[in-house]
Amino acid sequence: MKIISGKEVAEHITAELKNKAESLKKGNRRLPKLVIIRVGEKPDDLSYQKGAVKRMDMIGVIHEEVHFEENVPKEEFYKEFDEINNDESVDGILVLRPIPKHLDEDRLMNTINPKKDIDAISPVSLGKLMTGDKNGFAPCTAAGVIEILKYAGVKIRGKKVTIIGRSNVVGRPLALLFVSEDATVTVCHSFTADVKQAGKNAEILVASCGKAKLINSEYVAENAVVIDVGINFDENGKLCGDVDINDIEAVAAACTPVPGGVGAVTTSMLAKQLLLAYEAKEA
Ligand SMILES: Nc1nc(=O)c2c([nH]1)NC[C@@H]1CN(c3ccc(C(=O)N[C@@H](CCC(=O)O)C(=O)O)cc3)C=[N+]21
């Protein structure tokens, strides 16, 4: 089984974006700016923030981290959020999600300026995704899955794809992206009658169910390409994916690792979409 390195894809995208940022600097232009908003201390949020900050520093764009306590009052949160949303110097906003219930994620999704919505949580961005409008932003992780497959030279057109998980941030948008790439898509969720069979039917299998190492050889077809989107922490606090990579070794043709797989590409897609937001604004 081949290991598809996300790091390599990420480095490739990063080098391109770094060149762009450098030419802006040379031209004495304003630099793109990202604001990351985090509420509380969830380990997967911290992991994404750490990865994103590292990526932005590598590329040389401006970033600012805003942190709220888990129990921040709603009005306080939105007062600051509105300021960031209206701040002319901010090109992109990433709110680490999900945010606590009392903060009303619907309000957030409906308030964020779609031009700054580089992780595609607004109905405007999601609507563009629905119609296949390539001018909108896609959620970075979902976009990263497509990017990693293309870079690895995996053909998507006409392929049978099974996605395990239907989250708003990965499964659902990813299904639409695959349809736009001319794949035939099955989306599994907790009510799917036979997930193993759906997995066995797939030429490309995406694990995004959020259960550590759930996906083993019983779900995987001979010669399938497996993409592991999972971000979990095992009993020792170590980062691990949704795929039991040792178990599928003899069956799958290829798999992405965790860490160093989709996660690494996700932060690159975030940077890529930040630069697109910046360019649209400066144009
Ligand atoms: N609005 C929103 N969108 C998300 O996409 C989102 C989110 N909120 N909340 C948190 C989860 C988690 N997540 C990660 C993405 C990349 C890494 C990542 O870069 N991982 C590196 C390792 C980073 C490290 O050094 O810890 C890797 O896999 O190689 C981690 C976690 C995105 N999520």
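The protein chain appears in an unreviewed UniProt entry as Bifunctional protein FolD from Catonella morbi ATCC 51271. Turning to the protein chain, the UniProt annotation filed under Subunit (unreviewed entry) states: "Homodimer."

J.: Would you mind going over the packing of aromatic side chains in detail, with residue names and values included?
T.: The tally for this structure, following the rule as stated, stands at 4 aromatic pairs. Seen from their ring centres, Phe 77 and Phe 81 are 6.3 Å apart, and the 10° between their planes marks the pair as stacked. With Phe 77 and Phe 81 both in helix 3 (residues 74–86), this residue pair falls 4 residues apart, about one helical turn. Across the pair, Phe 81 and Phe 77 agree in class, each one buried. Arranged with centres 6.3 Å apart and planes meeting at 80°, the rings of Tyr 78 and Phe 81 form a pair that is edge-to-face. Taken as a pair, Tyr 78 and Phe 81 lie in helix 3 at a separation of 3 residues, close to a single helical turn. Of the two residues examined, Tyr 78 and Phe 81, each falls in the buried class. Taken together, the ring pairs in this structure connect Phe 68, Phe 77, Tyr 78 and Phe 81 into an aromatic cluster. Sitting over the face of the ring of Tyr 78, Arg 107 holds its NZ or CZ atom 3.9 Å from the ring centroid.

J.: For the site of the ligand, give the residues involved together with the corresponding values.
T.: Around the ligand there are 18 residues in total, and Asp 45, Val 95, Arg 97, Asp 119 and Gly 260 lie nearest to it. In the model, a nitrogen atom of the ligand is placed 3.0 Å from a nitrogen or oxygen of the Val 95 main chain. Note that an oxygen atom of the ligand is positioned 3.3 Å from one of the backbone N or O atoms of Gly 263. For the ligand, the protein covers 86% of the area, taking 670 Å² as the surface of the free molecule. Every element with two or more residues in the shell around the ligand is listed here: helix 2 (43–59), strand 4 (92–95) and helix 10 (262–282). Here the element with the most residues in the shell around the ligand is helix 2; it accounts for 5 residues. Considering only residue class, the shell around the ligand consists of 8 nonpolar, 5 polar and 5 charged. Shared between two domains, the shell around the ligand takes at least three residues from each, and those domains are domain 1 (27–113) and domain 2 (140–263).

J.: Go over the pairing of strand 4, please, and point to the residues and values.
T.: Burial along strand 4 is two-sided: Gly 92 and Leu 94 and Ile 93 and Val 95, pointing in opposite directions, are all buried. Judged from the 4 bridges that link them, strand 2 (residues 33–39) and strand 4 form a sheet pairing that is parallel. Directly across from Ile 37, in strand 4, lies its bridge partner Val 95.

J.: Report on the side chain of Thr 267, specifying residues and quantitative values.
T.: Checked against the element boundaries, Thr 267 lands in helix 10. Look at Thr 267 and you get buried, because its relative accessible area is 4%. When neighbours within four sequence positions are excluded, Thr 267 is seen to be in contact with Tyr 48, Gly 51, Ala 52, Arg 55 and Met 56.

J.: Please provide a residue-by-residue account of the UniProt feature "domain: Tetrahydrofolate dehydrogenase/cyclohydrolase catalytic" (unreviewed entry) in the protein chain, values included.
T.: Under the UniProt annotation, "domain: Tetrahydrofolate dehydrogenase/cyclohydrolase catalytic" (unreviewed entry) lies at residues 4–119. With 50% helix and 16% strand, residues 4–119 has its two end C-alpha atoms placed 24 Å apart.

J.: Could you give an account of the sheet that holds strand 5 (residues 160–164), naming the residues involved and the relevant values?
T.: Ordered in space as 1-11-8-7-5-6, the 6 strands form an open sheet in which the pairing is parallel. Sheet topology places strand 1 (2–3) and strand 6 (184–188) at the edges, where each strand pairs with a single neighbour. Bridge analysis of strand 1 against strand 11 (residues 254–255) gives 2 bridges, and the strand direction is parallel. Bridge pairing links Lys 2 to Ala 254 in strand 11. With respect to the sheet, helix 6 (residues 140–151) is in contact with strand 7 (204–207) and strand 8 (225–228), its orientation differing from that of strand 8 by roughly 145°.

The rules behind each value
Residues numbered from 1 in each chain as written. Predicted model: local features only at pLDDT ≥ 70, side-chain atom pairs only at ≥ 80, totals over all residues. Heavy atoms only, no water. UniProt positions renumbered as here; feature names shortened; annotations may be inferred. Phe/Tyr/Trp six-rings, centres within 6.5 Å; stacked < 30°, edge-to-face > 60°. Helix = DSSP H or I, 4+ residues; strand = E, 2+ residues; numbered from the N terminus. Buried < 20%, exposed > 50% of the residue type's maximum accessible area, 1.4 Å probe, protein only. Lys NZ or Arg CZ within 6 Å of the ring centre and 35° of its normal. Near = heavy atom within 4 Å. Polar contact = N/O pair within 3.5 Å; in protein donor to acceptor, adjacent residues only side chain to side chain. Areas by Shrake-Rupley, 256 points an atom, 1.4 Å probe, with all protein chains shown as cover. Nonpolar A, V, L, I, M, F, W, Y, C, P; charged D, E, K, R; others polar. Domains from an automatic or database assignment. Pairing = 2+ DSSP bridges. Contact = heavy atoms within 4.5 Å. Axes fitted to C-alpha atoms, helices over the stretch in contact; angles between N-to-C directions.

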